[in-house]
Amino acid sequence: MSNLDIHHTTLLGPDGHPLAPLPAEFANHETIRDLYRHMVLARTFDAKAVALHGSGRLGTYASLLGQEAVGVGIGHVMRPEDVLVPSFREHAAQLRRGVRPEELYLYWGGDERGSAFAGPTQDFPVSATVGGHAPHAAGVALAFKLRGEARVAVCVFGDGATSKGDVYEAMNVAGLWQLPVVFIVTNNQWALSTPRREQTAATTLAQKAVAAGFEGEQVDGNDVIAVAKVVGEALAHARSGNGPRLIECLTYRLADHTTVDDAARYRDESEVTPWWEKDPIARVRLYLSATAGWSDQQEKALLDECGTLIERAAEAYLATPPQGPEAMFDHLYGKLPADLAAQRDEVVAATKNRADG
Amino acid sequence: MAEHTLLEAVNLALRRALGDDDRVLVFGEDVGVGGGVFRATQGLMQAFGPKRVFDTPLAETLIAGMAIGLAAQGFRPVAEIQFMGFIYSTLDQLINHASRLRTRTRGRLTCPMVLRAPYGGGVHAPEHHSESTEALFAHVPGLRVVIPSSPKMAYGLLLSAIRDPDPVVFLEPKRLYRAAKEAFEDDGEGAPLDRCLVRREGNDCTLVSWGASMKETLAAAAQLAEKGVESDVIDVCTLKPLDVTTIVESVARSGRLVIVHEAARTAGFGAEIAARVADVGLYHLRAPIMRVTGYDTVMPLSRLERHYMPNAARIQAAVERSLASD
Ligand SMILES: Cc1ncc(C[n+]2csc(CCOP(=O)(O)OP(=O)(O)O)c2C)c(N)n1
Ligand SMILES: [Mg+2]
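Residues numbered from 1 in each chain as written. Chains lettered and ligands numbered in written order. Predicted model: local features only at pLDDT ≥ 70, side-chain atom pairs only at ≥ 80, totals over all residues. Heavy atoms only, no water.

Trainee: Talk me through the site of ligand 1; I want residue IDs and the actual numbers.
Mentor: Inspection of the region around ligand 1 gives 21 residues, with A:Arg89, A:Ala128, A:Asp159, A:Asn188 and B:Glu60 positioned closest. More than one chain approaches ligand 1, the contributing ones being chains A and B. Within the side chain of A:Asp159, one N or O atom sits 2.8 Å away from an oxygen atom of ligand 1. A distance of 3.4 Å separates a nitrogen atom of ligand 1 from a polar side-chain atom of B:Gln82. Alone, ligand 1 offers 580 Å² of accessible surface; in the complex the protein occludes 95% of this. A class-by-class count of the residues in the shell around ligand 1 yields 9 nonpolar, 6 polar and 6 charged. (Near = heavy atom within 4 Å. Polar contact = N/O pair within 3.5 Å; in protein donor to acceptor, adjacent residues only side chain to side chain. Areas by Shrake-Rupley, 256 points an atom, 1.4 Å probe, with all protein chains shown as cover. Nonpolar A, V, L, I, M, F, W, Y, C, P; charged D, E, K, R; others polar.)

Structure representation (structure tokens):
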């Protein structure tokens, strides 16, 4: 079955040339510079996370190298009052939504306080269970619908996640009840060591929407303008009560699955190289230099700015005093049951003994 | 005799089972080309081909459910769930189907499958990768629950689990995967699935544990021995069905029982052992039964996990409390 008509959008080619006139909202250079800046920031954040892991100061981390355009595009068009329900690799979307880099470092550093980010206050924490969050997005969207609010839930997951029942179940109900939710597949071609082609016989992941009764489309996930446009349209569609959409962003995981993975064991470097030529950041830089006179000086200033911002965030993260072990009892319930107070005392005593001994 | 880690022991047992019995199939997420995230299935696809060892789509319910269908058809599926944190969607398959296919069909169809999963904390893994929820499975009639704590036992127990005619949940303590090597013969010999193993002997106290916390339990026993307190250390190995006899025999000599597990305390498997000992051995006890366990909290992220897991000091303190109480 491949005769489903799945629309595909690319606006900015890998060489930085627009393939079609850019939509009006992207015609001004300020918007493009803003998208560019957020992608550079995300990549700087990512490189620092990998380095922190390398020096033993961050836990296992899932890199988004090569996928910056997806998250930045999504974050760009979502409204503050919308709710993001992300997978574990959508740092770019989270950062663009206003989660602070030091908060993300804290989470990946193994500290729950990282998910207590100051804003956006209703966004979900990342889902480390693949696809388990898709039904949450349906629930969030149902809440919006029940209250008659013009808000949208945005659920992002990977190509691997599309094999999970949770994802089908969420899409099915969203189509049935016309819920204001946008499902986004970051198809980075790999689910750990399993390539996209071994996940499903479906020609596209976007077409999985068809069986759930709504539209799916593909977009060049390395083209931040295309992502922002297509996701923006889906948000408008959902916001005005017309139901869900599924958007498959075609991109590539340039990094290992996580900092404890070694992709060389299962994928050939020759597959990776061509994707560097489709780098989502380079193409916008080329576009900006060709059309807006983006200079080396401006480039350097931006890199410095992002570098400083991320260094400060890393310092703030590293300087965060650790929680005491009794913190594992904090926020377990609204009010700690009396039965557990004794266990809490036990932890404190055990730690004290350890410190004394 | 060659020495092997627990991880290598799992690989050797799978290799042996695949070689011995054409009905054995090994599958799961990333077990083929990738060889498993911990390398437990390293080289198996290359050795036995993609019809015997293969990757599935990313779908745990499918993995467990498909194992049931294959088992009913006479295969011996050995399916992997990548981490115990992702096993919960299989509970419907395990509880409603695997565990009772034999009962429902009065033995016409059976379900000789193994579901393997690494479990437990201590490797600084991400969220949902460190829990110990073995008691959930031990609660299900019709399942066997097996947890090795040493390379040799992992080898023997896994082979027996694969040969067993009923569904087995086989939980591997990932903290011990590469922790130590042990010499044993790759001779295809299985270990009994209904017996505890006495890992150390002594008459002053009975220490009972399983899986990763055996390491701390043995360490505590060694430290206590330096102080003149000699303990029996019992590795439960198979939680269900439980060999309560070995435990009660030991308690009859020592009069004291300290149970150690990494899982949360409430309704943890330690509670079952305590109840069983109370059922048949209450009058042997000279002190209250002690439990050293994880707390009834969500398993904390990596920064605090060491405070959650029982350590030798906590175990020693419990033994000392037991000794002091008569
Ligand atoms: C339910 C579940 N099963 C297995 C895993 C282990 N795991 C973590 S990420 C991953 C691959 C996910 O692939 P994909 O959905 O494409 O997302 P990506 O990693 O490419 O961002 C696997 C198998 C998990 N976290 N959750
Ligand atoms: Mg993927």
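Trainee: Account for the interface of chain B and chain A, with residues named and values stated.
Mentor: The interface of chain B with chain A comprises 34 residues on the first partner and 41 residues on the second. With both sides pooled, the region where chain B packs onto chain A buries about 3,100 Å², and carbon together with sulfur makes up 53% of that total. Along the contact surface separating chain B from chain A lie 3 salt bridges. Its salt-bridge partner being A:Asp111, residue B:Arg303 comes within 3.4 Å of it at the nearest N-O pair. On inspection of chain B and its partner chain A, the count reaches 11 residue pairs in polar contact (both at pLDDT 80 or more). Considering each element in turn, the side of chain B that touches chain A owes the most residues, 3 residues, to helix α11 (residues 305–308) of chain B. Its residues assigned to classes, the side of chain B that touches chain A shows 13 nonpolar, 11 polar and 10 charged. (Contact = heavy atoms within 4.5 Å. Buried area = accessible area lost by both parts, 1.4 Å probe. Salt bridge = Lys/Arg side-chain N within 4 Å of Asp/Glu carboxyl O. Helix = DSSP H or I, 4+ residues; strand = E, 2+ residues; numbered from the N terminus.)

Trainee: Outline the confidence of the model for chain B, listing residues and values.
Mentor: Confidence along chain B averages 97 in pLDDT terms, with 100% of residues attaining 70 or more. Overall fold confidence (pTM) sits at 0.97, and the ipTM for the predicted complex is 0.95. (pLDDT = per-residue confidence, 0-100.)

Trainee: Break down helix α1 (residues 6–20) of chain B for me, with residues and values.
Mentor: The end-to-end C-alpha separation of α1(B) is 21 Å, in line with the 21 Å expected for 15 residues at 1.5 Å each. Restricting attention to buried positions, one finds in α1(B) the residues B:Leu6, B:Leu7, B:Ala9, B:Val10, B:Asn11, B:Leu12, B:Ala13, B:Leu14, B:Ala17 and B:Leu18. (Expected span 1.5 Å × (residues − 1). Buried < 20%, exposed > 50% of the residue type's maximum accessible area, 1.4 Å probe, protein only.)

Trainee: Describe the domain arrangement of chain B, listing the residues and the values that go with them.
Mentor: Residue and element names in this part refer to chain B. We note that the domain assignment places domain 1 (3–183) and domain 2 (197–324) within chain B. The distance between the C-alpha centroids of domain 1 and domain 2 comes to 26 Å. Between domain 1 and domain 2, roughly 2,100 Å² of surface is buried when both sides are summed, and carbon and sulfur atoms account for 58% of that area. There are 2 salt bridges connecting domain 1 and domain 2. A salt bridge links Glu262 to Arg175, with the shortest nitrogen-to-oxygen separation between them at 2.3 Å. Listing elements by their share of the side of domain 1 that touches domain 2, those giving two or more residues are α6 (134–138), β6 (144–146) and α7 (151–163). For the side of domain 1 that touches domain 2, the element with the most residues is α6, which contributes 4 residues. Here the residues of the side of domain 1 that touches domain 2 sort into 17 nonpolar, 10 polar and 5 charged. (Domains from an automatic or database assignment.)

Trainee: So what's going on with the sheet that holds strand β2 (residues 83–85) of chain A? Residues and values would help.
Mentor: Residues and elements named next belong to chain A. With respect to topology, 6 strands assemble into an open sheet ordered β1-β7-β8-β4-β3-β2, the strand pairing being parallel. The open sheet is flanked by β1 (8–9) and β2, the only strands paired with a single partner. Bridge count between strand β4 (residues 181–187) and strand β8 (residues 245–250): 6 bridges; the pairing is parallel. When the bridges of β8 are listed, Val182 appears paired with Arg245. In the packing of helix α5 (residues 134–146) onto the sheet, the strands contacted are β2, β3 (153–158) and β4, and the crossing angle to β3 comes to about 170°. (Pairing = 2+ DSSP bridges. Axes fitted to C-alpha atoms, helices over the stretch in contact; angles between N-to-C directions.)

Trainee: Just give me the short version of the pairing of strand β10 (residues 205–209) of chain B, but keep the residues and values in it.
Mentor: Residues and elements named next belong to chain B. Summarising burial for β10: 5 of the 5 residues are buried, a large majority. What you see with β10 is no split at all: Cys205, Leu207 and Ser209 on one side and Thr206 and Val208 on the other are buried throughout. Bridging between β10 and strand β11 (residues 231–235) involves 5 bridges; their strand directions are parallel. Bridge pairing in β11 links Ser209 to Asp235. Chirality of the crossover, the property in question, places the unit of β10, helix α8 (residues 213–226) and β11 among those that are right-handed. Bridge analysis of β10 against strand β13 (residues 257–264) gives 3 bridges, and the strand direction is parallel. Bridge pairing links Leu207 to Val258 in β13. (Right-handed = clockwise from strand over helix to strand, strands pointing away.)

Trainee: Now, about the pairing of strand β4 (residues 76–80) of chain B: what can you tell me, with residues and values included?
Mentor: All names here are of chain B. Of all 5 residues making up β4, 5 are buried, and the element is well covered by its neighbours. Of the two faces of β4, both are covered, the one formed by Arg76, Val78 and Glu80 as well as the one formed by Pro77 and Ala79. Pairing of strand β2 (residues 24–28) with β4, which is carried by 5 bridges, proceeds in the parallel orientation. Considered in β4, the bridge of Phe27 is made with Ala79.

Trainee: Before we move on, can you summarise the domain arrangement of chain A with the specific residues and values?
Mentor: In terms of domains, chain A is made up of domain 1 (8–322) and domain 2 (325–357). Relative to domain 2 of chain A, the C-alpha centre of domain 1 of chain A lies at a distance of 38 Å.

Trainee: Mind laying out the pattern of salt bridges, listing which residues take part and the relevant values?
Mentor: Here the idea is simple: oppositely charged side chains can pair when their charged atoms come close. Residues and elements named next belong to chain A. Inspection of the entire model under this criterion finds 35 salt bridges over all chains. Residue Arg147 is joined to Glu149 by a salt bridge in which the shortest nitrogen-to-oxygen separation is 3.0 Å. A relative accessible area of 51% means that Arg147 is categorised as exposed. Glu149 gets classed as partly exposed once you look at its relative accessible area, which sits at 29%.

Trainee: Hey, could you go over α5(A) for me, with residue numbers and the actual values?
Mentor: Residue and element names in this part refer to chain A. Counted at 1.5 Å a residue, the expected span for α5 with its 13 residues is 18 Å, and the 19 Å between its end C-alpha atoms agrees. Buried residues of α5: Ala134, Ala137, Ala138, Val140, Ala141 and Phe144, and no others. Viewed along the axis of α5, the buried residues span an arc of 165°, placing them on a single side of the element. Lining the buried residues of α5 we find β2, β3, α6 (165–177) and β4. Backbone geometry just downstream of α5 places Gly148 in the positive-phi region, at approximately 65°. (Arc of directions from axis to C-beta.)

Trainee: I'd like to hear about the sheet that holds β4(B), residue by residue, with values.
Mentor: Residues and elements named next belong to chain B. Read from one edge to the other, the open sheet built from 7 strands follows the order β3-β2-β4-β5-β7-β6-β12, with strand pairing classed as mixed. Taken across any chain shown, the strands that pair with only one partner, and hence form the sheet edges, are β3 (53–55) and β12 (238–240). Strand-to-strand, the axes of this sheet are offset by a mean angle of 20°, without reference to chain direction. The sheet contacts of α1 involve β2, β3, β4, β5 (114–119) and β7 (168–173), and relative to β2 the element is tilted by about 135°. Helix α3 (residues 60–72) rests against β2, β4 and β5 of the sheet, and its axis sits at about 165° to β2.

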